[in-house]
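# Breakdown of the fold
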Amino acid sequence: MIPNLIRLCRSQALLQPMPVVSTFGGFGVFCVVMPGLLIGAFISKNIAAFLEENDLFIPSDDDDDD
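Residues numbered from 1 in each chain as written. Predicted model: local features only at pLDDT ≥ 70, side-chain atom pairs only at ≥ 80, totals over all residues. Heavy atoms only, no water.

### Looking at the overall build of the chain
- A tally of helices and strands in the chain yields two helices and zero strands.
- Buried positions account for 0% of the 66 residues belonging to the chain.
- Surface exposure of the chain reaches about 6,500 Å², of which carbon and sulfur atoms provide 67%. (Helix = DSSP H or I, 4+ residues; strand = E, 2+ residues; numbered from the N terminus. Buried < 20%, exposed > 50% of the residue type's maximum accessible area, 1.4 Å probe, protein only. Areas by Shrake-Rupley, 256 points an atom, 1.4 Å probe, with all protein chains shown as cover.)

See the structure below:
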């Protein structure tokens, strides 16, 4: 009964074959995340330097937490 149902579903294109699965896994995630983090860090470092250079934002050195 079940094999006939599967054959019928495939003939009517109701049941598609299994999709191809990528085998990269963790390496693929690493190759996507790391460049994003590095580019984001580079951009934020340059923006912070620009803001400090133009006296728009200067981090304070408040060490007197007495």
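Moving on from the model shown.
### Overview of a nonpolar patch on the surface
- On the surface, F24, F27, V29, F30, V32, V33, M34, L37 and L38 cluster together into a nonpolar patch covering about 940 Å² of accessible area.
- On the secondary structure map, F27 appears in helix 2 (residues 26-53).
- Given a relative accessible area of 52%, F27 falls into the exposed group. (Patch = residues over 30% accessible without salt bridge, like charges linked within 9 Å, V, L, I, M, F, W, Y side chains within 5 Å. Salt bridge = Lys/Arg side-chain N within 4 Å of Asp/Glu carboxyl O.)

### Digging into unusual backbone geometry
- Notably, D55 is not glycine yet its phi reads approximately 55°, a positive angle.
- Secondary-structure assignment places D55 in the segment after helix 2.

### Describing the environment of E52
- Here E52 lies in helix 2.
- Judged by its relative accessible area of 43%, E52 is partly exposed.
- Apart from the residues lying within four places of it in its own chain, the contact partners of E52 are F57, I58 and P59. (Contact = heavy atoms within 4.5 Å.)

### Topic: the UniProt feature "transmembrane region" (unreviewed entry) in the chain
- The UniProt entry lists residues 20-43 under the feature "transmembrane region" (unreviewed entry), expressed in the numbering used here.
- Across residues 20-43, helical content stands at 75% and strand content at 0%; the span's end C-alpha atoms are separated by 37 Å. (UniProt positions renumbered as here; feature names shortened; annotations may be inferred.)

### A few points about helix 2
- A rise of 1.5 Å per residue sets the reference length of helix 2, with its 28 residues, at 40 Å; its end C-alpha atoms lie 40 Å apart and thus fit the reference within 8%.
- Phi for D55, located one or two positions after helix 2, is positive at around 55°. (Expected span 1.5 Å × (residues − 1).)

### Concerning the environment of F57
- The topology assignment puts F57 in the segment after helix 2.
- In this structure F57 touches L51 and E52, once residues within four positions along its chain are discounted.

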